Amino acid sequence: FRNKEFRKVFILAFGLNYWWAVSLIYIPLEIKNLGFGDNIVGWVVAATAIPLILFERNTGRVADKRGIRFPATLGFSLLVLFVLSFPLLYFKPVLALIAFSIVNFGAAWIEPLQETYFFKVAKKEEREKLFGIYNAAQPFSSIVSPFIGGFLYFLGGSKGLWFGTAGFMLLFVFNALRIKK
């Protein structure tokens, strides 16, 4: 953590894992709160994987041409915009379902880059020693993120959760902007 670039790598991974933890808990709950049944929950959650499949190859190509900063910033920015739209679409539940389904277009720009960024920053002799520390972002996020989401929900209900999450994701946008190409 003394190395600024390794902190950015860790924060990038933590940010995406925060999103996975919060979205996999609260999107199904929100769908149920909107009055839909278990089948719709399953279809929407399954649909969230489609952007990840469709964009993985393109994300790699873009990162090769423009560096990691651009797709990481784009991805977190898209997450912020989609997450901000959630509570604004509750008046039309079908639109909220669509937003829940396509939100991971943002995550698709980040997901393939996490390890790429680590290997770009780490010297060959450091990789084995530091990879475990980098990988700690996932379990750390899995523990911390539900508490953050629960706290946001406690403070402001579902609107507080989504607006708070968007604000939190904005911090990851700023981290991505600091990535050296």
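Whatever comes next refers back to the structure up there.
Values in this document were obtained by computation on a predicted structure and should not be read as measured data. (Residues numbered from 1 in each chain as written. Predicted model: local features only at pLDDT ≥ 70, side-chain atom pairs only at ≥ 80, totals over all residues. Heavy atoms only, no water.)

(A) Just the packing of helix α1 (residues 4–33) against helix α9 (residues 137–177), in detail. Where α1 meets α9, the axes come as close as 4 Å, and the angle between the chain directions of the two elements is 40°. Judged by the angle between their axes, α1 and α9 are oblique. In the crossing of α1 with α9, the sense of the turn from one axis to the other is right-handed. Class assignment for the residues of the contact of α1 with α9 results in 24 nonpolar, 11 polar and 2 charged. (Axes fitted to C-alpha atoms, helices over the stretch in contact; angles between N-to-C directions. Helix = DSSP H or I, 4+ residues; strand = E, 2+ residues; numbered from the N terminus. Parallel < 35°, antiparallel > 145°, perpendicular 65-115°, else oblique. Left-handed = near helix turned anticlockwise from the far one by under 90°. Nonpolar A, V, L, I, M, F, W, Y, C, P; charged D, E, K, R; others polar.)

(B) Looking closely at the packing of aromatic side chains. Tallied over the entire structure, the rule returns 13 aromatic pairs. Each ring, one from F14 and one from F172, has its centre 6.1 Å from the other, and the planes form 50°; the classification is tilted. In this pair, F14 sits in helix α1 while F172 sits in helix α9, placing the two residues 158 residues apart along the sequence. Between F100 and W162 the ring centres are 6.4 Å apart and the planes differ by 45°, which places this aromatic pair in the tilted class. Of this pair, F100 sits in helix α5 (residues 93–102) while W162 sits in helix α9, placing them 62 residues apart in sequence. (Phe/Tyr/Trp six-rings, centres within 6.5 Å; stacked < 30°, edge-to-face > 60°.)

(C) Representation of the nonpolar core in the model. In terms of nonpolar packing, the biggest core is built from 50 residues, with W19, F76, F86, F100 and W162 touching the most fellow members. Mapped by element, the contributors of at least two residues to this core are α1, α2 (38–47), α4 (69–88), α5, α7 (113–121), α8 (124–135) and α9. Here this core takes 14 residues from α1, the largest share from any one element. Apart from the residues within four sequence positions on either side, W19 is in contact with I27, L79, V83, F86, V103, N104, A107, W162, T165 and M169. (Core = buried A, V, L, I, M, F, W, Y, C linked by side-chain atoms within 4.5 Å. Buried < 20%, exposed > 50% of the residue type's maximum accessible area, 1.4 Å probe, protein only. Contact = heavy atoms within 4.5 Å.)

(D) Structural detail: the pattern of salt bridges. Within the structure shown, the criterion is met by 1 salt bridge. A salt bridge links D38 to K32; the shortest N-O distance between them is 2.8 Å. For K32, a relative accessible area of 40% corresponds to the partly exposed category. (Salt bridge = Lys/Arg side-chain N within 4 Å of Asp/Glu carboxyl O.)

(E) How the structure looks around the environment of A96. Structurally, the position occupied by A96 is in helix α5. In this structure the C-alpha to C-alpha distance between A96 and L161, which are 65 residues apart in sequence, comes to 15 Å. Setting aside chain neighbours within four positions, we find A96 in contact with L34, L89 and Y90.

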